[in-house]
Amino acid sequence: MSRPDWIVLIFTLVGIIAYGLYKSRTTRDLDGYFLCNRSVPWYIILLSIMGTQASAVTFLSAPGQAYTDGMRFVQNYFGLPLAMVVLCVTFVPVFHRLKIFTAYEFLEKRFDLKTRTLTSFLFLLQRGLSTGISISAPAIILSSLMGWDIFWTNIFMGGLLIIYTVTGGAKAVAYTQQLQLIIIFGGMAIAGYMVVHLLPSHIGFLDALRAGGKAGKMNIITTGGTGHGFNWNDRYNLLSGIIGGFFLQLSYFGTDQSQVGRYLTARSLKESRLGLLMNGLVKVPMQFLILLLGVLVFSFYQYGHEPVFFNESQVKLLEHSRYKDSLVQLQKDYEAMQSAKISDMSRIADDPMQAGVSSSDQLRTLVLSSEEKKMYYRNTIRRWLNSPDIKGDSNDTNYIFLRFVVDNLPKGLIGLLIAVIFLAAWGSIAAALNSLASCTIIDFHRRFSGNLISQEREYRLSKWYTFAWGIFCIIVAQLAYNIGNSLIEAVNVLGSLFYGVILGIFLVAFYLKRVGARAVFISAILMETVIILIYILTQKGMVNISFLWLNAIGALGVMLLSTLLNAFTTRSGSKPT
Amino acid sequence: MPDSTSSGEDERAPVFSNWNYWYVLVIAVLLILIGFFYFLTKKFS
């Protein structure tokens, strides 16, 4: 990175920490530390829940996802607006009326202590591990791309935010997220403008979309249908997006304390609802635009030299292996193919009606044939990386956008976009640490401590818990380094293993009034076992189902099983507890 | 399911007379977006 990039990066990060510390003046009790004294307006709630959900991976992975697989990933968010409506109708009014700190307190009021403790424990387990992975995933990408030491990248990615999160609690988290999102959106908008600006002068925005479309990257809506019916293993399609996405988002926003803790800080029920509903309005378009950036980057590379593999550190691995001579030959052939493609693309743009064939048909033929050739070279590199003596990382999807930034954007802007990655990570990690600390003190320390402790001591303990969780997550990040790129997938899978069951418990609490504590507790334990079993069978190839469906199976399973168990125990003569 | 309309004066829905209109708006915007995305898929693919 150049000096201007370093200046922009350091100035932005230090500025955020300073702003967080400035906003740290809170009441010295738990209400101030975890709930901002319930004083936050709806637009801060909106930015806070968006900042919590959008991690660094969102901005690194989504453009790469569109680049390789097209825009169909956006369907994953179609369930979100529906989930916001259900939350506003059911969950949020109850949470506000009970004036709770954590979502799990409600479960003790509705069921019993053991259900609350189990659910809170599952949250701590899942969120603690996935936050560690959220630190590690962007740190691995940045360290690999920029040549930074992974140990220190993890420390900066997960450590600096601890300063303002420990000091200022929920208020510092919410207000820094507001500033972070403004910088993030500004940075991404400039990146989008620059991609179009860097296209050849005769190629416009719509031409870029057409080029992407010809290669199948504009596959925004897909049905998941095959010639033989619906493909249940297809991750992103209209049905899985609406149904699977609905359960995923409902459990995330309704039962994950990192989100519940954001909208509980609202000054009223009205402000919470408005923040969530606005999120339902803007989230899908926002995700669409981030993915569109990936399609534009794809089109940019149709008119310029595209790296054969975007993770350069892995190519360097091959340069020092038995494949080094084959790699030199492959790169030579690939460059020749790229030069021919660029000249053909320019020819079509200059003379749209060659030999009476329309430019659209020519474009389709050229883009598809060059994609086919490119995949041959990329697959060869992947095969080499997967060989037992290399054991490299053959997935470069998450490197595509940053590689484009580093190779093509002007000085200063690179620093800004690296800062965007840090800020996106900080926003979600800070909220996670705050929620982990609130559950630890409220659901465990305060609940199980026989001694009555003063508000001042609880406040100081909360700071220590926030700090301790920060250290724990950094340790997880350091240990997770060897898993490589599959970390990003691991975050989603880890969530899907627990979210469905937790959501099921809450849905029983809200909608199945006759079901008692014992039935829901046993159902939750059984369904968690079933979900983990399904996941193991999927890994072994014995079951073919996408992890997104695990949320729906877990939630509906707990509801069904607890109803049956409740009916059975009631019929046997015992009353629901 | 709890009543979707709030009782308190300060909890009254802004802009509309009732929160239900907000919920309809959110779902309607989702449907319009899906329609728009379908159009883009057909147009550019």
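## Digging into the overall build of chain A
Along its length, chain A carries 21 helices and two strands. Its C-alpha atoms give chain A a radius of gyration of 25 Å, near enough to 25 Å, the size a compact globule of 577 residues would have. If you line up chain A on its principal axes, its C-alpha atoms span 80 × 55 × 50 Å. For chain A, the residues scored as buried account for 54% of the 577 residues in total. For chain A, the share of sequence-separated contacts (at least 6 apart) that also reach a separation of at least 24 residues comes to 85%.

## Structural notes on the domain arrangement of chain A
Residue and element names in this part refer to chain A. For chain A, the assigned domains read domain 1 (3-302 + 405-571) and domain 2 (312-391). The distance between the C-alpha centroids of domain 1 and domain 2 comes to 36 Å. Counting residues at the interface gives nine residues for domain 1 and nine residues for domain 2. Examining the composition of the side of domain 1 that touches domain 2, we find that three residues originate from one element, helix α9 (residues 205-214), more than from any other. Classifying every residue of the side of domain 1 that touches domain 2 by side-chain character gives four nonpolar, three polar and two charged.

## Some words on the environment of L264 of chain A
All names here are of chain A. Within the secondary structure, L264 sits in the loop between α11 (257-263) and α12 (269-302). Along the backbone, L264 and H96 are 168 residues apart, and their C-alpha atoms lie at a distance of 7.1 Å. Apart from residues no more than four positions distant in its own chain, L264 is found in contact with L35 and F95.

## Examining α9 of chain A
Buried residues of α9 of chain A: A208, R210, A211, G212, G213 and K214 of chain A, and no others. G216 of chain A lies just past α9 of chain A and shows a positive phi near 80°.

## Some words on unusual backbone geometry
The phi dihedral of N37 of chain A is positive, around 55°, even though this residue is not glycine. If you trace the backbone, N37 of chain A turns up in the loop between α2 (30-35) and α3 (42-53). Judged by C-beta crowding, with 16 C-beta atoms within 10 Å, N37 of chain A ranks as partly exposed. With phi around 70°, V15 of chain B is a residue other than glycine that occupies positive phi space. One can find V15 of chain B in the segment before α1 (19-44).

## So, the confidence of the model for chain B
Residue and element names in this part refer to chain B. In the predicted model, chain B carries a mean pLDDT of 82, and the fraction of residues at 70 or more is 78%. Here residues 1-7 is a poorly scored stretch, pLDDT under 50, and it has 16 contacts once near neighbours within four places are set aside; other chains count. Confidence metrics for the complex model read pTM 0.86 and ipTM 0.85.

## Thoughts on the nonpolar core
Residue and element names in this part refer to chain A. Counting residues in each nonpolar core, the largest one holds 192 residues, and the members touching the most others are F59, L291, V297, V420, I421 and I505. A per-element tally of this core places helix α17 (residues 413-448) first, with 22 residues. Here this core spans two domains, and each of domain 1 (3-302 + 405-571) and domain 2 (312-391) adds at least three residues to it. Excluding residues that lie within four positions of it along the chain, I421 makes contacts with A56, F59, L60, P138 and L142.

## Description of the environment of L293 of chain A
All names here are of chain A. Tracing the backbone shows L293 in helix α12. Given 21 C-beta atoms within a 10 Å radius, L293 is considered buried. Residues in contact with L293, not counting those within four places in the same chain, are P63, M188, A191, G192 and V195.

## Considerations on helix α6 (residues 103-110) of chain A
Those residues of α6 of chain A that sit buried are A103, Y104, F106, L107 and R110 of chain A. Along the axis of α6 of chain A, the buried positions cluster into a sector of 145°, meaning they face one direction only.

## Thoughts on the packing of helix α7 (residues 113-146) of chain A against α17 of chain A
Residues and elements named next belong to chain A. Direction vectors running N to C along α7 and α17 enclose 160°, while the axes themselves pass 10 Å from each other. What the angle tells us is that α7 and α17 run roughly antiparallel. Where α7 crosses over α17, the two elements pack in a sense that is left-handed. Facing α7, whose interface residues are R116, T117, S120, F123, L124, R127, G128, T131, S134, I135, P138 and L142, α17 presents I418, I421, A425, S428, I429, A432, S435, L436, C439, T440 and D443. Class assignment of the residues belonging to the contact of α7 with α17 gives a composition of twelve nonpolar, eight polar and three charged.

## Details of the packing of helix α5 (residues 79-98) of chain A against helix α10 (residues 238-255) of chain A
Residue and element names in this part refer to chain A. Taken N-terminus to C-terminus, the directions of α5 and α10 make an angle of 45°; their axes are 8 Å apart at the nearest point. As the angle between them shows, α5 and α10 are arranged oblique. As α5 packs across α10, the resulting crossing turns out to be right-handed. Across the interface between the two elements, G79, L80, L82, A83, V86, L87 and F91 from α5 touch G241, I242, I243, G244, G245, F246, L248, Q249, L250, F253 and G254 from α10. Here the residues of the contact of α5 with α10 are counted per class, giving twelve nonpolar, six polar and no charged.

## What about the environment of R518 of chain A?
All names here are of chain A. By secondary structure assignment, the location of R518 is in helix α20 (residues 517-539). On the neighbour-count criterion, R518 (20 C-beta atoms within 10 Å) is buried. Between the C-alpha atoms of R518 and L565, which are 47 residues apart in sequence, the distance is 8.8 Å.

## Observations concerning the confidence of the model for chain A
All names here are of chain A. The predicted model of chain A averages 86 in pLDDT, with 94% of residues at 70 or higher. Confidence, read as mean pLDDT per element, is least for strand β1 (residues 225-226) in chain A (71) and greatest for α12 (94). In the model, residues 573-577 has pLDDT below 50 throughout and makes eleven contacts with residues more than four positions away in sequence or in other chains.

Cut-offs and rules
Residues numbered from 1 in each chain as written. Chains lettered and ligands numbered in written order. Predicted model: local features only at pLDDT ≥ 70, side-chain atom pairs only at ≥ 80, totals over all residues. Helix = DSSP H or I, 4+ residues; strand = E, 2+ residues; numbered from the N terminus. Rg over C-alpha atoms; globule rule 2.2 N^0.38 Å. Buried ≥ 20, exposed ≤ 12 C-beta atoms within 10 Å, placed from the backbone. Contact = placed C-beta atoms within 7 Å. Domains from an automatic or database assignment. Nonpolar A, V, L, I, M, F, W, Y, C, P; charged D, E, K, R; others polar. pLDDT = per-residue confidence, 0-100. Core = buried A, V, L, I, M, F, W, Y, C linked by C-beta atoms within 7 Å. Arc of directions from axis to C-beta. Axes fitted to C-alpha atoms, helices over the stretch in contact; angles between N-to-C directions. Parallel < 35°, antiparallel > 145°, perpendicular 65-115°, else oblique. Left-handed = near helix turned anticlockwise from the far one by under 90°.

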